[in-house]
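Remarks on the overall topology
Each chain is listed here by its residues.
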Amino acid sequence: MSIAADLRAASEELAAPFPRLLAGAEQLAATVMLGDHGRRRAGTGDDFWQYRPAQLHDPLRAIDWRRSGRADVEFIREREWQIAQSVILWVDHAASMNFASEGVETKSERARLLGLAISILLLRGGERVGLTGFSLPPRAGQFQIERLAEVLNSPGEGPDFGQPEARGMLPHSRALFVSDFMGDPDPVEQALKKAADRGVGGALLMVLDPEEEAFPYDGRTIFESMGGGVLHETLKAGELKTRYLDRLAARKDLLAGWARAAGWQFHVHHTDQSAQAALLWLYGAMARHH
Amino acid sequence: MWSLGPIGFAAPWLLVALAALPILWILLRAVPPAPIRRRFPGVALLLGLTDDETQTDKTPWWLLLLRMLAVAAAIIGFAGPVLNPETEDDGRGPILVLMDGGWAEAPSWAARLERIDALLADAARDGRPVAVAQLTAPEAGALTFQTAEEWQRRLAGFEPAAWTPSEEMHVAFAERIADVTGFNTFWMSDGQARAGRDDLLGELQSKGDVRAFESPRAVFALEPARFEDGEIRLTGHRLRGTGEVSAAIQAFGRDPSGAERVLASGSLDFEDGAATAGTALVLPPELRNRITRFAVQGQRSAGAVSLTDDGLRRREVALIAGREDREGLQLLSPLHYLNQALVPTADLIDGAMADILRANPDVIVLADVAQVSDAPDVLEWVEQGGVLLRFAGPRLASADLGREVEDPLLPVRLRAGGRSIGGAMSWGEPKTLRAFGPNSPFFGLEIPQDVSVSAQVLAQPDPELADRTIATLADGTPLVTRKRIGDGQVILFHVTANAEWSSLPLSGLFVDMLERMAISSRPAVPTAEDLEGTMWVADQRVTGFGEIEPAGASAGIEGAVLATAEPGPDVPPGLYTGEDRTIAINAVAREASFAPQAWPGSVPVEGLDVVRETPLKGFVLMAGLALLMIDLLASLALSGRLRGPRARSAAQAAALAIGTLFVAQSAEAQDSFALGATSEVVLGYVITGDAALDQTSFDGLRGLSRTLFQRTSVEPVDPVGINVETDELAFFPFIYWPVTAEQDAPSAQAYAKLNRYLRGGGMILFDTRDGDTARFGATSPAARKLQQIAQPLDIPPLEPIPNDHVLTRAFYLLQDFPGRSMGAPVWVEAAPADAQQVDGMPFRNLNDGVTPVVVGGNDWASAWAIDRSGNWRFRVGSGFAGERQREIALRFGVNLIMHVLSGNYKSDQVHVPALLDRLGQ
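Quick caveat: nothing in here was measured; it's all calculated off a predicted structure.

1. Brief notes about the overall build of chain B
What chain B contains, in helices and strands, is 24 helices and 39 strands. Within chain B, buried positions represent 39% of all 921 residues. Within chain B, contacts between residues at least 6 apart in sequence are counted, and of these 75% link residues at least 24 apart.

2. Comments concerning the interface of chain A and chain B
Counting from both sides, the interface comprises 34 residues of chain A and, opposite them, 27 residues of chain B. Elements that contribute at least two residues to the side of chain A that touches chain B include exactly β8 (221-224), β9 (231-234) and α7 (237-262) of chain A. It is α7(A) that provides the largest number of residues to the side of chain A that touches chain B, a total of nine residues. Tallied by class, residues from the side of chain A that touches chain B come to 14 nonpolar, eight polar and 12 charged.

3. Here we look at the pairing of strand β30 (residues 582-585) of chain B
Neither face of β30(B) is exposed, since Thr582(B) and Ala584(B) on one face and Ile583(B) and Ile585(B) on the opposite face are all buried. Connecting the antiparallel pair strand β29 (residues 574-577) of chain B and β30(B) is a turn made up of four residues.

4. As for the sheet that holds strand β4 (residues 86-91) of chain A
All names here are of chain A. In space, the five strands of this open sheet follow the order β5-β4-β6-β7-β10, with parallel pairing throughout. Looking at the sheet topology across the chains shown, the edges are occupied by β5 (128-131) and β10 (264-270). Strand after strand, the sheet turns through a mean of 20 degrees between neighbouring axes, direction not considered. Pairing of strand β7 (residues 201-208) with β10, which is carried by seven bridges, proceeds in the parallel orientation. Across the sheet, Val-207 pairs through a bridge with His-269, a residue of β10.

5. Let's talk about the nonpolar core
With 70 residues, the main nonpolar core has Leu114(A), Ile118(A), Leu176(A), Val178(A), Leu204(A), Leu205(A) and Leu282(A) as its most contacted residues. Leu205(A) has contacts with Leu114(A), Leu176(A), Val178(A), His267(A), His269(A), Ala278(A) and Leu282(A), leaving out every residue within four places of it along the chain. With 60 residues, the next largest nonpolar core counts Ala346(B), Ile364(B), Leu414(B) and Val490(B) among its residues.

6. Quick look at the confidence of the model for chain B
For chain B, mean pLDDT is 80; residues scoring 70 or higher make up 88% of the total. With pTM at 0.45, the complex prediction returns an ipTM value of 0.71.

Cut-offs used in this document
Residues numbered from 1 in each chain as written. Chains lettered and ligands numbered in written order. Predicted model: local features only at pLDDT ≥ 70, side-chain atom pairs only at ≥ 80, totals over all residues. Helix = DSSP H or I, 4+ residues; strand = E, 2+ residues; numbered from the N terminus. Buried ≥ 20, exposed ≤ 12 C-beta atoms within 10 Å, placed from the backbone. Contact = placed C-beta atoms within 7 Å. Nonpolar A, V, L, I, M, F, W, Y, C, P; charged D, E, K, R; others polar. Pairing = 2+ DSSP bridges. Axes fitted to C-alpha atoms, helices over the stretch in contact; angles between N-to-C directions. Core = buried A, V, L, I, M, F, W, Y, C linked by C-beta atoms within 7 Å. pLDDT = per-residue confidence, 0-100.

And the structure:
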């Protein structure tokens, strides 16, 4: 548990500077449960939000007479709209995520850190956070952080390349996929389609190592995947650089296009960059209104 | 050892492996570099990408070449390459070291001994027996071999002879080795072809390998001087060397005070390619007669020294006749025949006796003079070595002189009147001469038959007459008598000097007799006949190094032998004295010819500069290793492994390696400078950038160094130029700084260094060299420049040298400090204001320590400057006063250096009484 504790500590450290994350909900839905904090707009809830002059369509009982008695017009006392959003998380734990060039952490570490950090933010914001699939359904509360950390920390041996787990997505919830998206892109497309069908919005975070962007290789090389399942031999690796980079750019474009079509956000994060920058982006992406 | 040009190989068979290189080429080409296995998630994106070109599955050609070179270097390296391999003689047998040992080797004798010593050391290491022999010093008995150590001990005892090996010596040596076989020979040759040499070489080659050594150094040989047409002709040879060379000739002799000094100098200018050169000296007779030898300056060898003898001496002969010449009857003049005999070989003087005596001639000839004027003076002159030659004649015969008592200026008493033989009024026939007896100086001269005497003066019979008679007529009456008075002698010819009384003056015998009596100079080359019957004893001897030393006791040599002798062990070169004459035997004969020895191709010839063999194995292997390192980097780069931190560290390593090389080299240069400056006392001068001035500074300090060497126990080596910007100053006790208006002021770092130097006890002598045109402190450009230069220096207050400054008595007592110019004040550190006069001492108790600067403008370096041959480069003043000024300048330099080196100990002398006082208590 110490690793889990470390991870949590690191995540909390990272999450600490942020204000409470208030995820926006696109629409009220049956699945939306009332939460205990407002959405910064008038709606059903317990907390006072604002007074406003009464309109014609307002029922009389909505008028706050005490406030109205101090003025010539009637005021309506509005309460803040309070809901809780479900956010489900998929952090790729395939072997490819274990790659790291010298001096930087592995992609997997960075992905889990970011995933847990955003989870903490969301949980503190009162959201319900869970993992895709059925291993850890969304729940609220501090204890969920412990559970998430535990699960994220023991991913077990994955395949060479990960595929998004699209099951267990609640309709109209939000989703976050963190992966390097180096494997077959079709499952991603399928997952996005499925999410779009259910009205699930969210974000794709592509975590890449700097070497994967730079391809600083030369000479006779046999490239193999992290699990060893895929091999490619070249005699002059340097020659492949431009074509590799073209393909990488094409992959990014593809993912960005799919994300746009499904109403998702897409972002590329490099492990040699600041994790906070990525968290900031995640914060924005998860709080974005559609 | 198999060699290829200048490079030999210790293990040449390894080079066969070079043939395998093409196979390696093929092998290397066939094997592409091993692939790297690299885990990379992006491999999924790479799938399906193919290589554009398939070239790189073969190693690139330049990398192959690199590897081939590396392997070739390794093969060559292990084959043991050696630059300039010493051609080891094959056997391990005995070695004969054969030296010519003549004077031609003397200039390089030390180098030769060093070379032999190296040979002996090698032989000692290998335990080979050695024999060392010198051709010029023949020994008896067969050659014997001894251990090299034994010879090493005896090596210092070998000296060059003053002669060169003759054919007999070659033959004699060949006989010595006739029964010895199986040895290799190192022939230390002087490189001159000689008779008998080729035979000996053949003999030696039949015994084993022969290697020859020659010195490339030019050797000069000087022929005996000749006197022709009023000038002294000198001919010099050079035994080796080409190009235009000028060799200075110096004529040594005794000055009136008896000290030997250089009386004249000239130079032999060898033209390019010429082996001989001549020069002529025209000297006044007084000077010429004083010359004892000529020498080539800077050559320590007997061949470069030429002794002079009577052949060069031109005697001064005063002729005085008893009666006036009768006009028109020249043949009857009493002096005519003497004139004829003496003019070619002597300088004639005539005049009154008083004037003649003042000229101090060698000989005074009195022809038929009865009464000698100034007789006491003449007698004194004779006692001091003069030769008074008197001829009889009618006046002497009729004069009442020396009848009863012997006249001091006549050798014998004379009978009155004389006698006449074979004339019209007398009986008998004119008398002929009797053969000269062995005690006569004329012994050996052949008497022509036609010499006859018809009249003569007769000597009174006396007990001493027989001793004093040196020539007689056939009837036994004296013809020539002689009496020694003090160092001189009086000689009387009992006949006239003209042909009136005898036909003797008409004959060649007359000239020979005059010569034997050292009245006329002998012809340049005496023949055996000339010297027949005389005995000669060596008086001075020339060593192989050209030094003159007393000969010591030795057996006399017959004149006939001496006339024809070649210089050798029997007749060593030197000065031989006979009765009144001297003959010089010189190492180089007249009309000598020299030819270089042509060694056959089978004899390797080395210069004496020992060409050290340089093993190249390390260098070649290092080169191979370096190539492999480059190959390593290139392979890494080629296979994509050289990136990131590896590339950085590789670059660092390369930079470090290159940097180390350069640092090492510059450190080495610095080290050699430091070693040169510190292993001996070295005076330094600041390089101003003006080449002529720097040369003057160098020459000046060289002159000062030489003076110090000669006069004091400070023995500096050649001075060193200092660049104040780059060189370390701390090695130099004394720095001479000539100031010119053009030079640049030093940089800030140089000033820091100079100040450190001055604080550390160094001394700088600033010389504005304008003492003749400006007083110091006046506005000469150099003085202004000096002020500008000295501004940033830590210089204490200065004052002109006070009379009681240590510099005035550090070694010499001085009150003036002239250089080439004189009188300009010289400034030193001022004495403290509270300096007190010490009781009983003529000087104050002055400051401790050495003045850090001495400033003046007297152009000392020019006064001190000598050129490479040791001659003064610049004239100082004029005449004797100028030389005196130069001497004082040198003394100032000596004082200065003494002051620098020994500080103020002379100043401490003031404390001596106090110290003694305290010790006494």
